[in-house]
Amino acid sequence: MKSFLDTVDVNNLTSSEQIIYQYFKDHLNNIVYLSLSDICKELYVSNATVIRFSQKLGFKGFNELKFQLKNELNLTNKSTNAWDTIPHRTSILKDFIDNIDDKIIEQICSEIKNHKSIYIYGRNMSSLPAKYLQSMLNTMDIPCIYIDWIDFLSALSKSFPDNAVLFIFTNYGDKSIYEPIVKQCHERHVKIIWISSTDLDSSLLSSNDIYISTHEAKLETPPLLTKLTSFLLVQFIIEYLRHNIDKQGA
Amino acid sequence: MFPLKLNLNIPLNSLSNKELNILQYIHDNEDRISIMSIQTFAKEINYSTSTVLRFCRKLGFSGFPELKFFLRRQEEESSKNVTNYSVQSIKKSIITDLEGTTSLMNTEDLFQIAKLLSSNTPVYIHSPAGLTDISVDYLESMLFISGCQNIYKSPAAKMTHHYIQTLDKGNIFIFISSSGKFESTLNLAKEAKLHGMIVISISSIENNDLAEISNYNIRFFSKKTENEGADSTSRFCTFFVLSVFIEFFNEYKKGIDHEIIS
């Protein structure tokens, strides 16, 4: 990556300034996050040396140099710029929130209220939104059972009671794994509410079931689904229930 | 969410501890305040009337009655808007929490924490039981997926205590507390600091001791709710800051790899 640092005449620098210069070149991407005192600690030089160095390169001070570097980073290398992470993440979530269908949330909540037995299933990363929903429902005096093993789920699916509702949280919802379980649930008239991070094979579910895809985009490296949109859905269900239960109590 | 309702133009850190307590009290008892006199109010919170008065002036009101008037008007407006608690109003409140949390996040601290965690120093995450455990598990799994080594979860306060006593200085301890005031977590964090550990905390915006004693801190908005003693405070903002941090952390690691290659 080219930067203004390449145009500096190294011969004009003192020995300690050359150390700073080298450090800046080696850590180009991260200098913008470091404070003056961080750099000084790392290099064993005084604040004044770094400031003098910045001034020698024609800046008023270290902050101006940092600003220049940040601008260059923005122009040349988008992928390594972590400054954008937060606003980017927030905007994705806001779009997701705007697109949540009010009716589905209301429907899910009425299923929770109208069914006697509530089961919640999720494994691996999906276990976290599942556990969150279970803990929250329990604190609201709605008893429910959390299942974290697929073997438990397949055993239980043979003996679900009448009037049961089953929440399934998955990343991918592989058809070959879940098909026999879903079939057994349908035979026992269990209402399935499936929250999946990616699109499911639509032939898995019947028209009576509720299915929400949270359309989560995977982070590239590492291949990670943060499940944040699933958490968000759970939060909606909880808030809606909380306010509507409170009203009944009052 | 008091900063929105009271629309404070002053930074929270310019308020004294006493004044923060008053603010918290108003926030928790908004509907009752509007029918109180300044004497009953002062008595209830055990401060003098002049402290309350000074507080009102600091917020830009002429006195207590104006604050009351302001609260009442806000109440009327909000009751006009929300006659029925719908999904729409949940959307609004979650978005305000989200935006508030976003504005609180400080890249300097995120950067420092990312730098620490990629240094291969052992990291101990205290798991205090209850809903917070889910946040702890979330952080733990995401760190593993991001290729971190040396992440140890401590499942009990006694275990964390043991770690602090026996480990060398300079290990990293992460504490998560939605209020930042949970006593057992707070004591452990203090102990860790005393033994020369690096303390990272993830806690709410509210003035809290946990954030103050830790070396690095990630904050979020949180409003305490409970049902007859059972904690049901929303953890969504905790999940949000954790996932943002992980994304940031991976960007940071990419940046380092980039440097090594070039």
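In this text, all values refer to a predicted model and were calculated from it rather than measured experimentally.

### Concerning the overall build of chain A
Step number 1: Secondary structure summary: chain A contains 10 helices and 5 strands in total.
Step number 2: At 27 Å, chain A has a C-alpha radius of gyration far larger than the 18 Å of a compact globule built from 250 residues.
Step number 3: Overall, chain A is about 85 × 45 × 30 Å in size when its C-alpha atoms are taken along their principal axes.
Step number 4: Expressed as a percentage of its 250 residues, the buried residues of chain A come to 53%.
Step number 5: Considering only residue pairs separated by 6 or more positions, chain A has 67% of its internal contacts joining residues 24 or more positions apart.
Step number 6: Counting every atom, chain A has about 11900 Å² of accessible surface; 51% of that belongs to carbon and sulfur.
Step number 7: Of the side chains in chain A, 25 bear a positive and 29 a negative charge, and the two mean positions are spaced by 2 Å.

### Here we look at the nonpolar core
Side chains that are nonpolar tend, in soluble globular proteins, to be buried together.
Step number 1: Formed by 107 residues in total, the largest nonpolar core has its most connected members in Phe24 and Phe167 of chain A.
Step number 2: The biggest single contributor to this core is helix α13 (residues 236–261) of chain B, with 12 residues.
Step number 3: Setting aside anything within four residues of it in sequence, one finds Phe24 of chain A in contact with Leu5, Ile31, Ile39, Phe53, Phe62 and Leu65 of chain A.
Step number 4: Counting residues in hydrophobic clusters, the runner-up holds 21 residues, among them Leu15, Ile22, Leu23 and Phe41 of chain B.

### Brief notes about the interface of chain B and chain A
Step number 1: Contact residues are listed per partner, giving 51 residues for chain B and 56 residues for chain A.
Step number 2: Each partner contributes to the roughly 4800 Å² buried at the junction of chain B and chain A, and carbon and sulfur atoms together form 67% of this total.
Step number 3: Measuring nitrogen to oxygen at the nearest pair gives 2.6 Å for the salt bridge that ties Glu99 of chain B to Lys94 of chain A.
Step number 4: Linking chain B to chain A there are 11 residue pairs in polar contact (both at pLDDT 80 or more).

### Quick word on the environment of Lys191 of chain A
Residue and element names in this part refer to chain A.
Step number 1: With respect to the helices and strands, Lys191 occurs in strand β4 (residues 191–196).
Step number 2: Remark: the alpha-carbon pair of Lys191 and Glu111, spanning 80 residues in sequence, is separated by 8.5 Å.
Step number 3: In contact with Lys191, not counting residues within four places along its chain, are Gln107, Glu111, His115, Ala164, Val165, Leu166, Asn208, Asp209 and Ile210.
Step number 4: Within polar-contact distance, the side chain of Lys191 engages the backbone oxygen of Asn208 at 2.8 Å.

### Looking at the sheet that holds strand β3 (residues 164–170) of chain A
Residues and elements named next belong to chain A.
Step number 1: One open sheet holds the 5 strands; their spatial order is β2-β1-β3-β4-β5, and the pairing between them is parallel. The sheet is open, and its two edges are formed by β2 (145–147) and β5 (210–213), each paired on a single side. The average angle at which neighbouring strand axes cross in this sheet is 15 degrees, direction not considered.
Step number 2: Relative to the sheet, helix α7 (residues 127–139) contacts β1 (117–122), β2 and β3, its axis offset from that of β1 by approximately 155 degrees.

### Examining the domain arrangement of chain B
All names here are of chain B.
Step number 1: By domain assignment, chain B separates into domain 1 (12–80) and domain 2 (105–261).
Step number 2: For domain 1 versus domain 2, the distance between C-alpha centres works out to 34 Å.
Step number 3: The partner domain 2 presents 4 residues to the 5 residues of domain 1 that form the contact.
Step number 4: Summing the contributions of domain 1 and of domain 2, the shared interface buries around 310 Å²; its carbon and sulfur component is 53%.
Step number 5: Linking domain 1 with domain 2 are 0 residue pairs in polar contact (both at pLDDT 80 or more), by the criterion used here.
Step number 6: By residue class, the composition of the side of domain 1 that touches domain 2 is 2 nonpolar, 3 polar and no charged.

### Observations concerning the packing of aromatic side chains
All names here are of chain B.
Step number 1: Inspection of every chain in the model, using the stated rule, returns 19 aromatic pairs over all chains.
Step number 2: For the ring pair Phe173 and Phe175, a centre distance of 6.3 Å and an interplane angle of 15 degrees mean the geometry is stacked. Each member of the pair, Phe173 as well as Phe175, carries the same accessibility label: buried.
Step number 3: Ring centres of Phe245 and Phe249 lie 5.8 Å apart, and the angle between their planes is 20 degrees; on these two criteria the pair is classed as stacked. In this pair, Phe245 and Phe249 are both assigned in helix α13, 4 residues apart and thus about one turn of the helix distant. With respect to class, Phe245 is no different from Phe249; both count as buried.
Step number 4: By the ring-pair criterion, three or more aromatic residues cluster together here, those being Tyr124, Tyr152, Tyr163, Phe173 and Phe175.

### Quick look at the pattern of salt bridges
Oppositely charged side chains can pair when the atoms bearing their charge come close.
Step number 1: Within this structure, the stated rule accounts for 13 salt bridges over all chains.
Step number 2: Measuring nitrogen to oxygen at the nearest pair gives 3.3 Å for the salt bridge that ties Glu111 of chain A to Lys191 of chain A. Of this pair, Glu111 of chain A sits in helix α6 (residues 102–114) while Lys191 of chain A sits in strand β4, placing them 80 residues apart in sequence. Side by side, Glu111 of chain A and Lys191 of chain A carry an identical accessibility label, which is buried.
Step number 3: With its nearest N and O atoms 2.9 Å apart, the salt bridge here joins Asp231 of chain B to Arg235 of chain B.
Step number 4: Exposure remark for Arg235 of chain B: the relative accessible area of 3% places this residue in the buried category.
Step number 5: Ionic contacts of the salt-bridge type, sharing partners, join the residues Lys131 of chain A together with Asp137, Glu140 and Lys153 of chain B into one network.

### Section: the side chain of Thr101 of chain B
Step number 1: Relative to the assigned elements, Thr101 of chain B resides in helix α7 (residues 87–104).
Step number 2: Discounting residues that sit within four places of it in the chain, Thr101 of chain B has contacts with Arg219, Phe220, Phe221, Cys237, Phe240 and Val241 of chain B.

### Description of the packing of helix α2 (residues 17–28) of chain B against helix α4 (residues 38–45) of chain B
Residues and elements named next belong to chain B.
Step number 1: Where α2 meets α4, the axes come as close as 11 Å, and the angle between the chain directions of the two elements is 110 degrees. Viewed along their axes, α2 and α4 adopt a mutual orientation that is roughly perpendicular. Contacts between α2 and α4 pair Ile22, Tyr25 and Ile26 from the former with Phe41, Glu44 and Ile45 from the latter.
Step number 2: Looking at the contact of α2 with α4 residue by residue, the classes come out as 5 nonpolar, no polar and 1 charged.

Calculation rules
- Residues numbered from 1 in each chain as written.
- Chains lettered and ligands numbered in written order.
- Predicted model: local features only at pLDDT ≥ 70, side-chain atom pairs only at ≥ 80, totals over all residues.
- Heavy atoms only, no water.
- Helix = DSSP H or I, 4+ residues; strand = E, 2+ residues; numbered from the N terminus.
- Rg over C-alpha atoms; globule rule 2.2 N^0.38 Å.
- Buried < 20%, exposed > 50% of the residue type's maximum accessible area, 1.4 Å probe, protein only.
- Contact = heavy atoms within 4.5 Å.
- Areas by Shrake-Rupley, 256 points an atom, 1.4 Å probe, with all protein chains shown as cover.
- Lys, Arg positive; Asp, Glu negative; His and termini not counted.
- Charge placed at Lys NZ, Arg CZ, Asp CG, Glu CD.
- Core = buried A, V, L, I, M, F, W, Y, C linked by side-chain atoms within 4.5 Å.
- Buried area = accessible area lost by both parts, 1.4 Å probe.
- Salt bridge = Lys/Arg side-chain N within 4 Å of Asp/Glu carboxyl O.
- Polar contact = N/O pair within 3.5 Å; in protein donor to acceptor, adjacent residues only side chain to side chain.
- Pairing = 2+ DSSP bridges.
- Axes fitted to C-alpha atoms, helices over the stretch in contact; angles between N-to-C directions.
- Domains from an automatic or database assignment.
- Nonpolar A, V, L, I, M, F, W, Y, C, P; charged D, E, K, R; others polar.
- Phe/Tyr/Trp six-rings, centres within 6.5 Å; stacked < 30°, edge-to-face > 60°.
- Parallel < 35°, antiparallel > 145°, perpendicular 65-115°, else oblique.

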